[in-house]
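# Architecture at a glance
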Amino acid sequence: MSDKVKADSVERPVNFIRNIINDDLANHKHQSITTRFPPEPNGYLHIGHAKSICLNFGLALDYQGKCNLRFDDTNPAKENLEYVESIKRDVAWLGFEWEGEPRYSSNYFDQFYAYAVELINKGLAYVCFLNAEETREYRGSLTEPGKDSPYRDTSPAENLALFEKMRAGGFKEGECVLRAKIDMASSFMCMRDPTLYRVRFEHHHQTGDKWCIYPMYDFAHCISDAIEGITHSLCTLEFQDNRRLYDWVLDNLDDFNKPDRPHQYEFSRLNLEYTVMSKRKLHQLVDDKLVEGWDDPRMPTISGMRRRGYTPAAMRDFAERIGISKVDSMTGMNILEAAVRDDLNVVAPRTMGVIDPVRVIIENYADSAPETIQAPMHPQNEAMGKREIFFGRELYIDRADFAEVAPDNKFQRLALDKEVRLRNAYIIKALRADKDADGNITTIYCTYDPETLGKNPADGRKVKGVIHFVEATKAVSAEFRIYDRLFTVPNPGKADDFESVLNPDSLVVKHGFVEPGLADAPVEVAYQFEREGYFCRDNKADSLVFNRTVALRETWNS
RNA sequence: AGGGCUGUGGCCAAGUGGUAAGGCAUCUGGUUUUGAUCCAGUGUACCGUAGGUUCGAAUCCUGCCAGCCCUGCCA
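Okay, so let's go over this structure. (Residues numbered from 1 in each chain as written. Chains lettered and ligands numbered in written order. Predicted model: local features only at pLDDT ≥ 70, side-chain atom pairs only at ≥ 80, totals over all residues. Heavy atoms only, no water.)

### Focus on the environment of Cys176
- Within the secondary structure, Cys176 is located in the loop between helix H6 (156–167) and strand E5 (177–180).
- In sequence terms Cys176 and Leu285 are 109 residues apart; their C-alpha atoms lie 36 Å from each other.
- Those residues in contact with Cys176, other than ones at most four positions away along the chain, are Val127, Cys128, Phe129, Met166, Phe171 and Val199. (Helix = DSSP H or I, 4+ residues; strand = E, 2+ residues; numbered from the N terminus. Contact = heavy atoms within 4.5 Å.)

The structure is reproduced here in C-alpha cells:
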C-alpha cells in the first residue's frame, strides 16, 4: 500500500472554501473543522471522486481537523459490499486515512427514525398515500405551483401510528411514503413536500432485514453530518437547491438547530476531456463489455488509473493543480498528463524497451558473448545507482528509428550510411538492410565504432541522434499495451450515443523486448522506457505485460 | 419559461474598489548519449456584454446574452 499523506507546511492554492473556513475559524464559529467523504457504494470511485477526496481529506490535514469516510448507504437496491471494499481500498491507496472506523448512514437508522418522529410530532411531516404518478402531478411544474396532498393535514397522532405501521411492514412498497410538510408552491422543487422515507423490502448489506423503510438522501445526509459533527459539508454543484432542504431539516430538529451545526458548500465536479465521469455511463461501459472492467487502464476510475500506472502522488498533485471553484469546466488532459510526468520523471528508473522490434546485426562485432555495460538508473539522480545492460552482435531497435533514406534533415535516427548513437552504448552506422516480399525491413546491417563507449568520437565528428536498443540474446520478450483516449471527442458525455464515439484504437497491443532486468518487474511500479514513455507492469496479467501510463512529451513537429 | 448557480488569455485558476498571480499548453533560445528532463525567455487578457455609480471597477448597481442544475418513492 502507498505512503500516507502527512500534514506539511506547504502552502496550498487558495479557493473559496478555504476562505470560508478561514472566516469561520477567525470568527470562532468553529474551533476546528471536520469534513467527510460520503460516497454511495454503488460503483467504483473515479478521478472526480479523487478530487473530492483530496479536497476533504486535504482540508482536514491542513487545518489539523478530521475527515470521516462515510458510506451513504440509504438505497440498498443499488448498493453492495464489493463497492464498499473497493472504495476503502481506493481512498487508502490515494494515501488518506479516515478518522476512526468507516461510518455508514445506516449506522444512524434508529436516529433517523426518531428524528422523523420529532418532525411528525411538530406537524412537519405526514404519511402520504398518493402513488408515484399522483405525487408527480401534485408537485406542479417549474413554472406552476403544486397542490397540497389530501393527506397533508392528517393529525400527528394518526401520522405517528401510520409511520409506525410503515416501519412494521404494514404497507406495501409504493403504497405510502413519509413526506415533509414544507411548501407546495416553493420555487425550489425539492421543497414541495419532499419524500423523507419510502418502503423497500430490500436486504441491506449493513442492517440486513431489520428495516423495510429507508430514508431519502436529503433527510439522511444532513442528519448524518450533524451527528458526526461535520462543520463543512462539501458536495457538488447539483446539490445547490438541496441546500434549502438540508437547512430546513436541521433547523427543525431541536438537537441540531444551533449556530455550529454543519453547513453545505458546493463546488464544481470534475469533467475531463475525452472521457466520461457519470456512474451510469461507467456502469454501461463495464456492463456492455466495452472495457475489461472497472479497473481497465483506460477507465477514469481510480483502480483503472492505478493499473495504468498513475501514482497517488500524481493524482493528488493533479487535484491541487486544477483547484476548486464553482465554474462548470472541462479540464484538459494536458494537466493530468503533466502531473503524472512530473512525478514519474523523478521517481521512475530508466530502462530500454523495444516496442516494435527490428533486428540489427553489428558486422564488425566479434561473434562472441555480449559485453556488459553499466548504465545509470537515472541520468539526473546518481543515487539511484546503475543497472547492467548488454551489447553484442545482434540487437533490436525500434522500427520507427530506421529509414533507408532520412525523410528530411531533421531526422535524428538511423538511416543508411548514417551514424546514430545507441543509448548508453556505441555509435553505429547502417550499411544495408534486408527486406521481405512486402518491402518491410527485416534486418539492418551495421558497423559500430568501438572507441565511442561513454565518449564522443576522437576525430570530433558530431553524431546527434540517439536511439534505444536491446541486445538480442539477453532480451526478454514482453507485451506492451499502448493506451490512447477512450473517446474520439472531447465531450463524449454530450454525444447522443456515447458508445458510438468510442476510440477504436484506445488500446493497441504490441510485442517486443525489454532489458533482462525487467523479467521480474514488480507490478504497478513505474519505469521509463527511454524515448517511449512511462510504463508499469500490469497487475493482472500472468505474463510480462507493460501498460503505457503516458508517453514522453514530444516537442518536435513536422 | 419559475428558481438556483456560473461567465478572468487555448485549458484550469487567483483576485472581493486602486489600476490583471500562478499552473498546464504554446513559441523562442541554452544544456543534454532520452527530439525527455533542466534552465532562460515568450501572451496587446476590450476580466460574457451594454449602460450606470466613483477620482478610480474584473471587483458595486441595472439591463441583456450564454452555459449548467432543479418537476426520482436516486444520490
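From this point, the discussion proceeds with the structure in view.
### Focus on the packing of aromatic side chains
- Within this structure, the stated rule accounts for 31 aromatic pairs.
- Centre to centre, the rings of Tyr113 and Phe163 are 4.7 Å apart; their planes meet at 10°, and the pair counts as stacked. In this pair, Tyr113 sits in helix H4 (residues 109–121) while Phe163 sits in helix H6, placing the two residues 50 residues apart along the sequence.
- Residue classification places Tyr113 among the buried residues on the basis of a relative accessible area of 9%.
- Ring centres of Phe129 and Phe171 lie 5.3 Å apart, and the angle between their planes is 70°; on these two criteria the pair is classed as edge-to-face. Of this pair, Phe129 sits in the loop between strand E4 (125–128) and helix H5 (132–139) while Phe171 is found in the loop between H6 and E5, placing the two residues 42 residues apart along the sequence.
- The exposure class assigned to Phe129 is partly exposed, which follows from its relative accessible area of 23%.
- According to the relative accessible area criterion, Phe171 is buried, its value standing at 6%.
- Joined through ring pairs, the aromatic side chains of Tyr108, Phe109, Phe112, Tyr113, Phe163, Tyr197, Trp211, Tyr214 and Phe219 make up one cluster.
- For the cation-ring pair, Lys281 lies above Phe498, with the distance from its terminal atom to the ring centre recorded as 5.9 Å.
- Sitting above the plane of the Phe390 ring, Lys474 keeps its charged end 4.8 Å from the centroid. (Phe/Tyr/Trp six-rings, centres within 6.5 Å; stacked < 30°, edge-to-face > 60°. Buried < 20%, exposed > 50% of the residue type's maximum accessible area, 1.4 Å probe, protein only. Lys NZ or Arg CZ within 6 Å of the ring centre and 35° of its normal.)

### A closer look at the packing of helix H1 (residues 16–26) against helix H2 (residues 47–62)
- Taken N-terminus to C-terminus, the directions of H1 and H2 make an angle of 35°; their axes are 12 Å apart at the nearest point. The handedness of the crossing between H1 and H2 comes out as right-handed. In this structure, H1 uses Ile17, Arg18 and Ile21 to contact H2, whose residues at the interface are Leu55, Leu59 and Asp62.
- By residue class, the composition of the contact of H1 with H2 is four nonpolar, no polar and two charged. (Axes fitted to C-alpha atoms, helices over the stretch in contact; angles between N-to-C directions. Left-handed = near helix turned anticlockwise from the far one by under 90°. Nonpolar A, V, L, I, M, F, W, Y, C, P; charged D, E, K, R; others polar.)

### Some words on the nonpolar core
- Phe163, Tyr197 and Phe219 are the most contacted members of the largest nonpolar core, which has 40 residues in total.
- Sorting the residues of this core by element identifies H4, E4, H6, E5, strand E6 (195–199), strand E7 (213–215), helix H7 (217–227) and helix H8 (242–251) as the ones contributing at least two each.
- Considering every element that reaches this core, the biggest residue donor is H4, with seven residues.
- Residue contributions to this core reach at least three from each of two domains, namely domain 1 (16–103 + 217–335) and domain 2 (109–215).
- In this view, Phe219 contacts Phe112, Tyr115, Ala116, Leu119, Leu196, Tyr197 and Val249; residues no more than four positions away in its chain are not counted.
- Core analysis: the second largest hydrophobic core is formed by 36 residues, Leu45, Phe71, Tyr104 and Phe318 among them. (Core = buried A, V, L, I, M, F, W, Y, C linked by side-chain atoms within 4.5 Å. Domains from an automatic or database assignment.)

### Focus on the side chain of Arg261
- Its location among the elements puts Arg261 in the loop between H8 and strand E9 (263–267).
- Under the relative-accessibility criterion, Arg261 is labelled buried at 7%.
- One polar contact links Arg261 to Asp247, side chain to side chain, over a distance of 3.3 Å.
- Reaching out from Arg261, the side chain makes a polar contact with the side chain of Asp251 at a distance of 3.0 Å.
- The contact partners of Arg261, leaving out residues within four places of it in the chain, are His30, Asp247, Leu250, Asp251 and Phe256. (Polar contact = N/O pair within 3.5 Å; in protein donor to acceptor, adjacent residues only side chain to side chain.)

### Topic: the side chain of Glu471
- Within the secondary structure, Glu471 is located in strand E22 (residues 469–471).
- Buried Glu471, no salt bridge; nearest opposite-charge side chain is Lys474, N-O distance 6.7 Å.
- Of the polar contacts made by the side chain of Glu471, one reaches the side chain of Thr473; its length is 2.9 Å.
- A distance of 2.8 Å separates a polar side-chain atom of Glu471 from the backbone nitrogen of Lys474.
- Setting aside chain neighbours within four positions, we find Glu471 in contact with Pro370, Phe390, Phe391, Gly392, Glu394 and Leu395. (Lys, Arg positive; Asp, Glu negative; His and termini not counted. Salt bridge = Lys/Arg side-chain N within 4 Å of Asp/Glu carboxyl O.)

### Focus: the protein's contact with RNA strand B
- Arg200, Arg350, Arg423, Gly454 and Thr555 are the nearest of the 73 residues found near RNA strand B.
- Here, RNA strand B places atoms within 4 Å of the protein, and 67% of those atoms are sugar or phosphate.
- In the model, a base nitrogen of RNA strand B is placed 3.5 Å from a nitrogen or oxygen of the Asn242 side chain.
- Ile322 places a polar main-chain atom, nitrogen or oxygen, 2.8 Å from a sugar or linking oxygen of RNA strand B.
- Residue assignment for the surface near RNA strand B shows that the elements contributing at least two residues are H5, E6, H8, helix H11 (312–322), helix H12 (333–347) and strand E18 (419–422).
- When grouped by side-chain class, the residues that make up the surface near RNA strand B number 23 nonpolar, 28 polar and 22 charged. (Near = heavy atom within 4 Å.)

### A few points about the state of the cysteines
- Enumeration according to the criterion identifies zero disulfides in this entry.
- The structure places no disulfide on Cys190, whose sulfur is separated from the nearest cysteine sulfur, that of Cys222, by 11 Å. (Disulfide = S-S within 2.5 Å.)

### Some words on the sheet that holds strand E20 (residues 441–449)
- Taken in spatial order, the seven strands make up an open sheet running E21-E18-E19-E20-E12-E15-E22, and their pairing is mixed. Each edge of the open sheet is held by one strand with a lone partner, namely strand E21 (466–467) and E22.
- Direction of pairing for strand E12 (residues 357–362) relative to E20: parallel, over a ladder of four bridges. Residue pairing for E20: Ile361 is matched across the bridge by Tyr445. (Pairing = 2+ DSSP bridges.)

### Some thoughts on the packing of H7 against H8
- Axis separation between H7 and H8 bottoms out at 9 Å; the angle between their running directions is 60°. Taken together, the axis directions place H7 and H8 in an arrangement best described as oblique. Judged by the sense of rotation from one axis to the other, the crossing of H7 with H8 is right-handed. Residues Asp218, Phe219, His221, Cys222, Ile223, Asp225 and Ala226 of H7 touch H8, and the partners they reach there are Asn242, Leu245, Tyr246, Val249 and Leu250.
- Residue composition of the contact of H7 with H8, by class: eight nonpolar, two polar and two charged. (Parallel < 35°, antiparallel > 145°, perpendicular 65-115°, else oblique.)

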